[in-house]
Structures are given as structure tokens and as C-alpha cells.
Amino acid sequence: MAEYVLNFSQSSSGTSRQLVPPNASWKYFKGTQEPSSPADAWRQIGFNDNNWLTGITSIGFGDNDDNTVLSDMQGNYWTVYLRKTFEILNKNQIHSLTLHVYVDDGCIIWINGTEVARLYCSSGNKAYNSTTGTTHHEATAYEKVVLTGPYDYLVNGDNIIAVHALQVASGSTDFSIDVSVTAELSQPVSSFPLSVSNRYEIQPVWRSPEITEPGVLTIQIPGSAARAGKTYRVRSRMKDTTGRWSHWSEPIEFTAGTAAGADLLNYLRVSELMYHPAEGGAYDKEEYEFIELTNISDTQTLDLSTLSITKGVTFSFAGSSIASLGPGQYVLVVRNPAAFNSRYPGLSGRIAGAYSGKLSNDGETVEITDLWNGVIISFDYNDGLEWPQAADGSGHSLVPKDWRAMEDQPAGILNYSGNWRQSAFIGGSPGAADPDPTATVVLNEFAAHTDFSSPMYPGYDSNDWIELYNTSASSVNLNSSWYLSDNVKNLKKWALPTMVLPAKGRVTFDEVSGFHNPLSSGFGLDKAGESIFLSYLPGIAGQDRVVDCLRFKGQENGISQGRYPDGGAYWYRMYPSRDTANTSPLVSVVISEIMYHPAKETAEDEYIELYNPTGSAIALYSADGSGPWRLDNAVSYTFPTGLSMASGARIVIVPFDPTTETSRLEAFESDYGCDLTAGVNLFGPWSGNLSNKGERLALEKPQKSDDPLNPAEPSWIIIDQVNYSDYDPWPVEADGYGACLSRIDPACSGNDPDNWIAADPTPGW
């Protein structure tokens, strides 16, 4: 099948042509933040709106007159941005444009970046959190707006109409927007082409697999292969018994309508993933896996018959136990229904069936596909440092963190680990909404490398310690149902002593007097890195939970890791502050710029910049003789032996060898307007590549091993790391639009998306 355009007018009269019909499919963005940077970029034809949602207009809520219902809008956001492309073959034949606008309360309309209409909206620029600035307007009918002389802003080919629709107040109880566009032509159009630029079926947009069943006389074309309103031609050919193909048949021509299954794209979401269940029960732990989907619509019932899970595991809803999903309902696909029912009795009516395969405990890609829309949800999960550790074998599941992570799944928001959390309780909440966890006591600081010797404690060569902090405004009773552990498979290694932890209070436990006393019980912390779990386990379903946990890599002697400020979201290297407020983070060399998705779509222009913000030179090798520093995880690179960074210095690491690949070096310097010297402030090549979807990038230094079984294998200490993403809350302009990720404050966490902006690339300066 191939797209076909022969440029005849498609109008019903000889003098007009409908460019955008009412009740059409538009891209839209909920006004929870500005849709682009700069602020007007979203109005231009070249703007990438692949991350936006798709819906049929009118879009809104509250009056039962909308095709796409924004059930979450009231009180959460009060503006919506919309974009729609339309094609013009010869702009000189257009005398005027007529808009028909259905709006409650007001809107501003642009074509190709030029404002062409403003209805029931005050003058001036409007931000994502603005209101109309006028009185309430109720939509009762489409209103006609005539645009005369549109030649200055129309172009031959693709054009973009952009709409910013606003409510009169943040608490408004209804909202609607729909716009249609009709072109009035300067003279009747004959049956001859409007231009000589005609498109024939040269390149297919979709090709079916070979049909080998002689009785199959029909085939369905997926909606993702065709664009609504475009004309296509379909041809077929035959193969004889010797394998020879015939010529292509005469074409069958059709115009595509709106794709079926749009509701699945707009409302079906992954709501829970149990990829690594806990042990226990009559079955192997892997048999308790499940995937939960939900319908986030308040009004629409979803037809699941065209839906399949196609990656990670495989399952088709066609002919399954659950063929439709009502508003707000949940459906489960499980690995083993018998095992699932034994652990979660009473939920058999929510199970659509058993999938084939198993979910990887290490992580993988999960894809959900609809016959009409193609892939509607795709995400990568894993069990790495940046992911919720309690979901990796303790019995917790993965759950999207908030309503935005639920809303924007088709755009890729779930590739970012920061948009997931662990389930509120062990076992998860299959078949129901997972409750929001309540933060109380957290792991606040710990020391895992504490060289120690005392005749009072023979046998101890360390006295590691763990500090807890009560983040809440109320006291918490710690009792024997609270535990510390370093093993996800045994969360009950050491029970906390009974005590009351006051609001904003802290308490510290150490090895020699607490969690490793006597030596034959409890646990110690490994300075080469491991995990810490704080759990509340009274043995009651719906109460048992891992309260807080983290996984760390190597730690230096005399340096702790802690949250800053106390109870904060991010961990830092710091000087120990046991039983007192955590000290300011230690500042060292940081990752200062990341070009992970160059505009030219070539790996050659990727780069990583490091910056020394301190007042002293820093050696990029360890003083204990264990070797030079490295970049790890996203890409791998080991720095030259003996390299140091002066105060204020910047160095750049690239995927090519700048000492031998001089043509690539020249191209790099030309692209970014820089002047770098190989072996001085430019280094490479790294292995691997920076993912365009985001991943963890770490700067690490080695520490000599004290493992007698692996004396030559150092442990690695994280100096800085960035768990970046190409999607909100990270700056999306760095995702292929020419900008890089640029760090704001070297003293703040590299994992904090608020500490990064999209900026013009300046490698080395």
C-alpha cells in the first residue's frame, strides 16, 4: 500500500475545499507546563509533537459534548495546546480561509506561527497557567471566523494550525475546543491538477506478509500505516507453485478515515508491573508475575479485541476472558493463573489470561500493540541503581508514580526510572488502584567503610553505621516489626529495638552494638557496595512493606553517604555527621554537559563534558594505586593514567579517537565552534553510545580490593552520576533539537532534573 496524491480539488463545490474537518484527530498537550522552549516553538511546522497525546475533537470535559474527555483537567490545569497539519497544493488559488470554532471558554489560533484569531481571550501573551482574562463564554454552536488574504503565512505543502485554548478560571467546571478550516478558492477548480507536483505509489508505506492460506480473501491494514484524509492505492500480486511472482495488479484506491481504536491510544495505560515476585507459596516465585492495565477514562469503554502484548512477554486479547474494559476498570495478564489465584484470591474475574514467556528480572522492553494504531505503549524497565530496588525481589511491584506518568505513557514517559515507584505494600495491588505511600522514617545516612580496631570488640574490623530520620510531623513507634537488612531475600536480618522516634528526630545503629552483634548474627555493610533495606513487617497483608531502601557502590574510608537536606530526595558523598544534621555535600569533578541526541542523528556529535568547580586541581586517578577514573554504564571510558584537572578546567569525551581520526575531530570542532586539543582537553574513544531515550551515566574512581578471592578487582566509587531522560521532567529540547543538557549547579545532584536545562552546546568552554 502506498500514498497517492493527484492534485485535484476534493471540494463538493467548485470554489471551496475543506482543509481540516470538524471532529478531526489532533495532537494535544495538557497545560501543566509550557509546551516548548522557546515558548512559541510549538506553533511552528517543524516542531516535534511526537510526545503529545492524540485525540478527536472536540476535546474537553463537563458538558457531555466532547469526543476526547479530559477527566483529570478540573483543578489540575486550565489550558490545552493543540496542533494539526493540513496540506495546501497551490496557495495562490486561496482567496480566504474560514474557521469554524467551538470553544468554551476562549482560545488563540495561529497558522504557521502567525496569530490569525483570538476568541473570548484578553490581549497579550498567555502562559500555560494563564486564564482567558475575560468573562465566561459557553459554547453553544460553531462560530465563523473569516481570514482574508492569508497568502503571507500559508505555504505550499504542509501547514500547521496551532490553538491555545483556555478556561476563564482555574476551577471552571467545563471546557471544549474544536476548530475546522475551509479554503475559499479564487476561481472554480477544473478537473486538472492544481500543480505538476503529483505523488504516485513509488514507495510503499505498508506491505502485508505473504498470504499463504488460499481461503483468505481479506486483510486488515493497521491504522498506524495510513493518515486520516490521505488517499492510498493498494495492489496485490500472485506467486505460482515455482516461486515466480506475477506483475502487480491494478490498484484499489481509498481515502483513509480516522483510525479505529483511538480510545485505546488515549485511555489504556499500564498501571502495575510485577516483574520479580517474592519467594513463598507452592509455586516458583516467577509464576506470580503479572501485568496490570487500566482504563483511565471516566466515560469510554475500551474494546480490547485488537490489543496484544508483543514484547517482553506475548499475549493477545482477541478471544481472551476479558474483551472490553469499562471506565476506571483494571485487567490483569498473568504468567500462571493458578499461582496468581493462590497468592491473590478473589481476582480471577479480572484475569484476561496467561501470557507466554516471562518478564526478565534484569529488565527489558515491554510493548503493547493495537491492530489499528500499532505500538501504543512501549517502555524499558530494569533493576539498575536508579530503579526502585524493592521491586526487585522483595515482593513489591513497579507502579507509575503519578497521574502524569499515567497520562503520557504513549509518549515514552515510563522509560525514565524516576517516573516509577514501588508499590505501597508487598504484593502490590492487582485489580485496584495502588495507594500512595506515606513517607515517615527513611534511611538518612550510612557509613560502609569504617576501618576499626578495639580490644573491647575482638573480631570486628569495621563499625559501620546506619542513621534513620523521621521526616514526618508526628512521632513514630519503632518496635520489633521494624527491620534492617542488606538482603532483599531476607528482610528480617535484624529487628530494631523498641523506641519512639520523635518528629524530625534521628537515631543511629551500628555494627558492634546493634545490627552485627553478635558477629554470627545480623549483617555488616560491604565497602565495595551492596543494598540496605528498612522494612516494617508485622505479618499483615496491606501493612507489610519495605519502607525505604537503596543500592550503593563503593565507599571511601572516612566518607559517608547521606541525603541532603535531611530526608531529601537525593544522596551525596559527605563527611560523616552521625546523629546530627547532615553536612553539605562534597563537591568534586562533575558531569556538566551531555549531548546525547544530536540534531544530525549521528553518533559522531555526541559528547560528555566534565568540569572541576573546586579551587584545587583534582587527579583523575586514585592515590591508592588502583588506577585511573572511568565513565561507566551509559558509555565506558577509562581516563589516561596520570591525568589531572586544574581548578575551573573542562574536558570533553567523545566516541571517536581524536588523535587518529582527524577528520572527525575537524567536523566536531566545526559543528560546535570549539577548539580542542587531543590528550589535553579532548579524549576518546568511548565504547557504547548515549541512549536517545535516556539512561544512567556515572563518573567513578577505583578503590583497592580487600577481597582475598579477587585481589586485582577494585571496587568503584561514584563521584557523580546523571540518570537523564528524553521526556518530562527532563528538558525535551535536548532530544534531537540541537540543544544539549547543561548542568545548573555543580553542588546539586546530577540526578535532579531541575538541575539541568537545555542549552546551546559549548563543549570545552
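What counts and how
Residues numbered from 1 in each chain as written. Predicted model: local features only at pLDDT ≥ 70, side-chain atom pairs only at ≥ 80, totals over all residues. Heavy atoms only, no water. Helix = DSSP H or I, 4+ residues; strand = E, 2+ residues; numbered from the N terminus. Rg over C-alpha atoms; globule rule 2.2 N^0.38 Å. Buried < 20%, exposed > 50% of the residue type's maximum accessible area, 1.4 Å probe, protein only. Contact = heavy atoms within 4.5 Å. Lys, Arg positive; Asp, Glu negative; His and termini not counted. Charge placed at Lys NZ, Arg CZ, Asp CG, Glu CD. Pairing = 2+ DSSP bridges. Salt bridge = Lys/Arg side-chain N within 4 Å of Asp/Glu carboxyl O. Phe/Tyr/Trp six-rings, centres within 6.5 Å; stacked < 30°, edge-to-face > 60°. pLDDT = per-residue confidence, 0-100. Axes fitted to C-alpha atoms, helices over the stretch in contact; angles between N-to-C directions. Arc of directions from axis to C-beta. Disulfide = S-S within 2.5 Å. Core = buried A, V, L, I, M, F, W, Y, C linked by side-chain atoms within 4.5 Å.

(A) Broad picture of the overall build of the protein. Check the secondary structure of the protein and you find five helices and 51 strands. The C-alpha atoms of the protein give 30 Å as radius of gyration, which agrees with the globular expectation for 765 residues (27 Å, within 12%). Seen through its principal axes, the protein has C-alpha atoms that stretch 105 × 75 × 65 Å. Here the protein holds 765 residues, and the buried ones make up 53% of them. Put simply, 69% of the contacts in the protein that link residues at least 6 apart link residues at least 24 apart. Of the charged side chains in the protein, 50 are positive and 91 negative, and the gap between their average positions amounts to 3 Å.

(B) Region of the structure containing the pairing of strand β3 (residues 25–30). Note: β3 against strand β4 (residues 53–56), four bridges, orientation antiparallel. Counted as the bridge partner of Ser25 is Ile56 from β4. Judged from the four bridges that link them, β3 and strand β7 (residues 79–88) form a sheet pairing that is antiparallel. The residue bridging Lys30 from the neighbouring strand is Val80, located in β7.

(C) Seen up close, the side chain of Lys285. Looking at where Lys285 falls in the secondary structure, it is placed in the loop between β16 (268–274) and β17 (290–295). Glu279 is the oppositely charged side chain nearest to the buried, salt-bridge-free Lys285, at an N-O distance of 4.3 Å. The residues contacting Lys285, other than those within four sequence positions of it, are His276, Pro277, Ala278, Glu279 and Lys489.

(D) Spotlight on the packing of aromatic side chains. Throughout the structure, instances matching the rule amount to 33 aromatic pairs. Between Tyr77 and Trp403, the aromatic rings sit 6.1 Å apart at their centres with planes inclined by 15°, giving stacked as the arrangement. Taken together, the positions of Tyr77 in the loop between β6 (68–69) and β7 and Trp403 in helix α3 (residues 403–407) put the pair 326 residues apart, joining distant regions of the chain. Classification of Tyr77 by relative accessible area gives buried; the value is 1%.

(E) Summary view of the confidence of the model for the protein. Summing up the model confidence of the protein, the mean pLDDT is 91 and the portion of residues at 70 or higher is 94%. Considering only residues more than four positions removed or in separate chains, one finds that residues 188–200, a stretch of pLDDT under 50, has 29 contacts.

(F) Here's a closer look at the sheet that holds strand β36 (residues 545–552). The antiparallel open sheet is built from four strands, whose spatial order is β32-β31-β35-β36. Two strands close off the open sheet at either side, each with one partner strand: β32 (494–495) and β36. Pairing between strand β31 (residues 482–485) and β32: two bridges, direction antiparallel. Each bridged residue has a counterpart across the sheet, and for Leu484 the counterpart in β32 is Trp494.

(G) Region of interest: the sheet that holds β7. Strand order across the open sheet formed by six strands is β4-β3-β7-β12-β9-β10, with antiparallel pairing between neighbours. In the strand order of this sheet, the two ends are held by β4 and β10 (114–119), each with one partner. When the angles between neighbouring strand axes are averaged without regard to direction, this sheet yields 30°.

(H) Local environment of the pattern of salt bridges. By the definition in use, this model includes 30 salt bridges. For Arg421, the salt bridge identified is with Asp436, shortest N-O distance 3.9 Å. A residue pair is termed long-range when its members are at least 10 positions apart, and Arg421 in strand β27 (residues 420–422) and Asp436 in the loop between β27 and β28 (441–447) qualify at 15 residues. In this structure Arg421 comes out as buried when scored by relative accessible area, which is 11%. Ionic pairing is found between Lys701 and Glu556, a salt bridge with its closest N-O pair at 2.9 Å. On the criterion of sequence distance, the pair formed by Lys701 in strand β48 (residues 696–703) and Glu556 in the loop between β36 and β37 (560–563) is long-range, its members being 145 residues apart. The class of Lys701 is buried, set by a relative accessible area of 19%. The network of salt bridges with common partners includes Lys553, Arg630, Asp632 and Glu700.

(I) Helix α5 (residues 662–672), seen in detail. Restricting attention to buried positions, one finds in α5 the residues Leu665, Phe668, Glu669 and Tyr672. All buried residues of α5 fall inside an arc of 95° around its axis, so they share one side. In α5, the exposed positions angled more than 90 degrees off the buried face are occupied by Ser663, Glu666 and Ser670. The elements touched by buried residues of α5 are β39 (590–595), β40 (607–611), β45 (650–653) and β46 (682–683). One or two residues past the end of α5 sits Gly673, with phi positive at roughly 60°.

(J) Representation of the environment of Asp754. With respect to the helices and strands, the residue Asp754 is situated in the loop between β50 (740–743) and β51 (756–759). Overall, the relative accessible area of 62% leaves Asp754 in the exposed class.

(K) How the structure looks around unusual backbone geometry. Of the consecutive residues Asp104 and Asp105, the connecting peptide bond is found in the cis state with omega at 20°. Tracing the chain through its elements places Asp105 in the loop between β8 (94–104) and β9 (106–111). The omega torsion of the bond from Asp728 to Pro729 falls at 15°, within 30 degrees of zero and hence cis. A positive phi is found at Asn64, a non-glycine position, where the angle reads about 55°. Note that Asn64 resides in the loop between β5 (59–61) and β6. With phi around 50°, Asn112 is a residue other than glycine that occupies positive phi space. With respect to the helices and strands, the residue Asn112 is situated in the loop between β9 and β10. Given a relative accessible area of 17%, Asn112 falls into the buried group.

(L) Looking closely at the pairing of β28. Where burial is concerned, most of β28 is hidden: seven out of the seven residues are buried. Bridging between β28 and strand β29 (residues 465–470) involves six bridges; their strand directions are antiparallel. By the bridge assignment for β29, Val442 is matched with Tyr469. As defined by bridge partners, β28 adjoins β37 across two bridges and the pair is classed as antiparallel. Its bridge partner being in β37, Glu445 is matched across the sheet by Gly562.

(M) Expanded view of the environment of Asp726. By secondary structure assignment, the location of Asp726 is in the loop between β49 (715–723) and β50. On the basis of relative accessibility, which here comes to 12%, the residue Asp726 falls in the buried class. When the C-alpha atoms of Asp726 and Gly412 are compared, they prove to be 8.6 Å apart, with 314 residues separating the residues in sequence. Setting aside residues no more than four positions away along its own chain, Asp726 makes contact with Asn51, Tyr596, Asn692, Lys693, Val732 and Asp735.

(N) Up close: the environment of Gly106. For Gly106, the location among the structural elements is in strand β9. Along the chain, Gly106 and Cys121 lie 15 residues apart, while their C-alpha atoms are 5.3 Å from each other.

(O) Expanded view of the state of the cysteines. On inspection of all chains with the given rule, the structure shows zero disulfides. The thiol of Cys121 is not disulfide-bonded; the next cysteine sulfur, from Cys107, is found 7.8 Å away. Classification of Cys121 as buried rests on a relative accessible area of 11%.

(P) Inspection of the nonpolar core at higher detail. The biggest cluster of nonpolar side chains holds 80 residues, and the ones touching the most others in it are Leu97, Leu99, Ile109, Ile161, Ile177 and Leu304. Looking at this core, the element that brings in the most residues is strand β13 (residues 175–185), giving six residues. Not counting the four nearest positions on each side in its chain, Leu99 is found in contact with Ile109, Val116, Ala117, Glu143, Lys144, Val145, Leu147, Ile161, Ser180 and Val181. Counting 32 residues, the second largest nonpolar core, distinct from the first, contains Ile594, Ile618, Ala634 and Leu699.

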